[in-house]
Amino acid sequence: MALVDRRDECHALDALLDGARAGRSGVLFVRGEPGVGKTALLQYAIESASDLRVVHALGVESEMELPFAMLHQLCVPMLEWLERLPGPQRDALTVTFGMSEGQVPDRLFVGLAVLSLMSEVSGDRPLLCVVDDAQWLDSASAQALMLVARRLFAESVAMIFAAREPREEMTILPQLVVDGLRDADARELLRSAIAGRLDERVVDQIVAETRGNPLAILELLRGLSPARLAGGFGLPRALSPQGRIEESFTLRLEAMPSDTRRLLLLAAAEPSGDPALVWRAAERLGLAGSVAAPAESAGLIDAGTRLRFRHSLVRSVVYRAASPEERREAHRALADVTDIEVDPDRRAWHLAEATPVADEEVAAELERAAGRARARGGVAAAAAFLERAATLTVEPPRRADRALAAAQTKYEVGAFEDALALIASAEASAAGDLRRARGTRLRAQIAFVSRRGSAAPPLLLTAAQDLEPVDPNLARATYLEALTAAMLAAQLAGEVGVVEVSEAALAGPRAPDPPRPSDLLLNGLAIRFTQGYAAGSPILQEALGAFRRDVALPPDEAQWLWVACWVAADLWDDETWDVLSARQLELVRAAGALTALPLALSARISFLQQVPGELAAAASMLGELRAVAEATGIPTPPYGALLDAALRGREADASRLIETIVSEGGARGEGFALATAELAGGIMFNGLGRYEEAMDAVCRAGERPSDIGAPTWALGELIVAASRSRQSERAARALERLAPMARASGTEFALGIEARSRALLSHGDAADSLYRDAIARLGRTRARVEHARAHLLYGEWLRREGRRVDARDQLRTALEMFARIGAEAFALRAEGELLATGERVRKRSAETREQPTAQEVQIARLARDGLSNHDIAER
């Protein structure tokens, strides 16, 4: 296939295909404006891949809210290989594609299953996967396909995505930018498309106005004779390339017979492209014979095995050109011929679009479709169904309830403006104390999530108090939301802080008997903030135990897992923090709840960084966190990036991030930002051995009753910094605050930190015994970072005591642990101390540090094969 002026682009595609033939996987994102030739390049790749197995999918705007719609379209030709997959992965895909019933799988697990499927398909013949109009990918498919794209290595698979602009998560893919043709090639195309000669000034004008866009050039010429073009007087008014293309399609559509336009409208309203379905609907409308022929001749559609529009803009032009009555007629016919057993949700949607007035039967069907969509993890689709159901509901109270349900779901996917509009609609439909209070609460939730500052606590507190007389359980949940908002606001909370909310919550509705995990969490936090850490710890430990025991938490309880993770960190309960952060992330991803995802990711990232020191795993999640923040507009301070830089000792990066976090957090009224910056500064400067600067960073640690989590950990940093700065009195005062908290916690982690801190202030045999106790206790936890630091501090002490041989063992262990973690500054400290003992140190090269180990490769393969973490650990 010859393409004008596309030699470089074709070369890039050829290289991608050659790589797949040679067993090297590759991915390419082709981007460019409508009509610039992306689809032609994809067709070139497909025709060039005659020796490869090819699967092809096309994004459809109307299917963006249907989870896994694109993935299903792409995988249908490969389903015969399903039986070769491990059982869990096979089951994940059959449930996802509606081929069997079962528990909704995690989206990332679905991605791993698709990766395995492609690997199997490409086993005997390389595979080319082509996704056109990727800007209209549904979010579930996009997440799964991006996981596949990032993990392809040697599967003989080539993937090509094409879109006008990449979705946020696709910006990491290699880009092939397709611009307009160069002037000479645009002129060549123009002359080849029209008989006779054109005035050079007219040629220049067309090339300039179309900016070399091939389709715009061809569409401009369609229907205009050389005579009209000769002097340039027949040229249409100046339009953008996209505008010219749409105008051309509109003119061709207007020239079609009415029955052909009705058939095109059916195809535009039914994005699956199933010709059997469209023709059944056409027969229902009395359309028969060769009504498609004029559209095919005009280059609007391709009626092959699937009925496709020649260009994505044709569909939107056809649909917009129809009157509301014509659209309803098309949707009614499609609803009538869509099998209610096979595809009830699509049928419900067509029914809704065909219904001009309120209809309770249709509204109820949409509500049921929303429930099915949510069960599949399609929260965005559920929101769309509920919103439409509300508009079709007859009775005002029921309409208000459905509008509030739709608003709640819109909030969950981060569509805050839509949610606020639906709340207003609900309030206008039917008043009532409960509905008004629910609306107030949802507004406060949106304020909390979208701003995370001092404005949210008073709003949530008011909502909780309004709910007390009408729904005590919901009131308690709202008090817990108000308390967590106040915890984030911390010292910047203003008049409504943790103490005020805690006092109101303790005076509010009593917890049910038996209490739910969230009831224990609320009571424990309220007592902690009013009576102290030691008083609240037993109830909070009971709450954490309840969250851990109940592995099938209902959604209204599971939403508090991120707060439970925060509490686990405050109590130095590393095991619970690990379990709950992993479980919450899995639940949120499976549900597709974008609003909750930043908090879930942050909890998991924070654990991985601060406890086991799995910096590489945390870094991979940081990209996902940034993508979610961009998609939802939810402010997500770069805490993960800051802690990563601090642990690695990268001062320039950390200082820049601290400045950003403190400035933006202060403007929002989020005091937690200041506390996190203080902790990160303490870690970084302690790692660099600049103890006075570390002490300055964490000097306020533990002094504010509104702080939880980061300031508790910062006490340990303050003790290290003050003891090394020869300010033993200051270190002792910090230990006086730390010790009661560690004993109230009672975990090996907490007691290990306390023992290490006491060792820093002790001498002789007492110090030696405390260091050994700290190492033993921390060694029984997941806290590799603090365990390594205990070895380092003990080794430093031993060297200063003149015990060089003993010091070498401790420092060597510390160096190896820090090197594996990637804590570069701490590793350099350990290396320097080791050199001071007279030992020669073998340095790891940059290449060795970056290259995955054999064990890491094995773990990745086992995870891809569907094994659980427990099974992988056993292997």
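Going by the structure above, here's the rest.
What counts and what doesn't
Residues numbered from 1 in each chain as written. Predicted model: local features only at pLDDT ≥ 70, side-chain atom pairs only at ≥ 80, totals over all residues. Heavy atoms only, no water. Helix = DSSP H or I, 4+ residues; strand = E, 2+ residues; numbered from the N terminus. Expected span 1.5 Å × (residues − 1). Buried < 20%, exposed > 50% of the residue type's maximum accessible area, 1.4 Å probe, protein only. Arc of directions from axis to C-beta. Contact = heavy atoms within 4.5 Å. Axes fitted to C-alpha atoms, helices over the stretch in contact; angles between N-to-C directions. Parallel < 35°, antiparallel > 145°, perpendicular 65-115°, else oblique. Left-handed = near helix turned anticlockwise from the far one by under 90°. Nonpolar A, V, L, I, M, F, W, Y, C, P; charged D, E, K, R; others polar. Core = buried A, V, L, I, M, F, W, Y, C linked by side-chain atoms within 4.5 Å. 1 Å grid on protein atoms, 1.4 Å probe; cavity = no way out; pocket = protein on both sides within 12 Å on 5 of 7 lines; lining within 4 Å. Points joined across faces, edges and corners; volume = space filled by probe spheres on them. Phe/Tyr/Trp six-rings, centres within 6.5 Å; stacked < 30°, edge-to-face > 60°.

Visitor: An account of helix α23 (residues 456-467) is needed here, citing residue identities and associated values.
Guide: Residues three or four positions apart in an α-helix share a direction because the helix packs 3.6 residues into each turn. A rise of 1.5 Å per residue sets the reference length of α23, with its 12 residues, at 16 Å; its end C-alpha atoms lie 17 Å apart and thus fit the reference within 8%. Along α23, the residues that are buried comprise Ala456, Pro457, Leu460, Leu461, Ala463, Ala464 and Leu467. Take α23 and look down its axis: the buried residues cluster within an arc of 160 degrees, on one side only. Elements in contact with the buried residues of α23: α22 (433-451), α24 (472-489) and α25 (498-507).

Visitor: Describe the environment of Ala641, and please don't skip the residues or the numbers.
Guide: Mapping Ala641 onto the fold places it in helix α33 (residues 639-648). On the basis of relative accessible area, Ala641 is assigned to the partly exposed category, the value being 23%. In sequence terms Ala641 and Ala618 are 23 residues apart; their C-alpha atoms lie 9.3 Å from each other. Each residue touching Ala641, except ones within four places of it in the same chain, is listed here: Leu622 and Leu657.

Visitor: Which residues make up the packing of α24 against helix α26 (residues 517-531), and what values go with them?
Guide: For the pair α24 and α26, interaxial distance at closest approach is 10 Å and the crossing angle is 45 degrees. By the criterion of interaxial angle, the relationship of α24 to α26 is oblique. The crossing of α24 and α26 is left-handed. Within the contact between the two elements, α24 uses Arg476, Tyr479, Leu480, Leu483 and Met487 and α26 uses Ser518, Asp519, Leu521, Leu522, Asn523, Leu525, Ala526 and Phe529. Across the contact of α24 with α26, the residue classes tally to 9 nonpolar, 2 polar and 2 charged.

Visitor: Account for the nonpolar core, naming residues and giving values.
Guide: Leu521, Leu525, Trp572 and Phe818 are the most contacted members of the largest nonpolar core, which has 161 residues in total. Contacts of Leu525, omitting those with residues within four sequence positions, involve Leu480, Leu483, Met487, Ser502, Leu540, Val563, Val567 and Ile708.

Visitor: Talk me through empty space enclosed by the protein; I want residue IDs and the actual numbers.
Guide: Under the defined criterion, the tally for this structure stands at 7 cavities of 30 Å³ or more. Roughly 490 Å³ of internal volume is contained in the largest cavity. Lining the largest cavity are 26 residues, and of these Trp566, Ser602, Ala603, Ser606 and Phe672 lie nearest its centre. For the lining of the largest cavity, the secondary-structure elements that each account for two or more residues are α29 (561-570), α31 (597-610), α32 (615-632), α33, α35 (671-688) and α37 (710-724). Grouping the amino acids of the lining of the largest cavity by side-chain chemistry returns 18 nonpolar, 7 polar and 1 charged. Its boundaries defined by the atoms lining it, the second largest cavity holds a volume of some 100 Å³. Every residue along the wall of the second largest cavity is listed here: Trp572, Thr712, Trp713, Gly716, Glu717, Leu738, Phe749, Ile753, Arg756, Glu786 and Arg789. Considering every element that reaches the lining of the second largest cavity, the biggest residue donor is α37, with 4 residues.

Visitor: Quick rundown of the side chain of Glu796? Include the residues and the values.
Guide: Here Glu796 shows up in helix α41 (residues 784-800). Judged by its relative accessible area of 3%, Glu796 falls in the buried class. In this structure, Glu796 is in contact with Tyr691, Arg724, Leu811, Arg829 and Glu833, ignoring residues within four places of it in sequence.

Visitor: Could you give an account of the packing of aromatic side chains, naming the residues involved and the relevant values?
Guide: Counted according to the given criterion, the structure contains 12 aromatic pairs. Ring plane angle 45 degrees and centroid distance 5.9 Å describe the contact between Tyr771 and Trp797, whose orientation is recorded as tilted. With Tyr771 in helix α40 (residues 764-779) and Trp797 in helix α41, the pair connects residues that are 26 residues apart, well separated along the chain. By the ring-pair criterion, three or more aromatic residues cluster together here, those being Trp562, Trp566, Tyr639 and Phe672.

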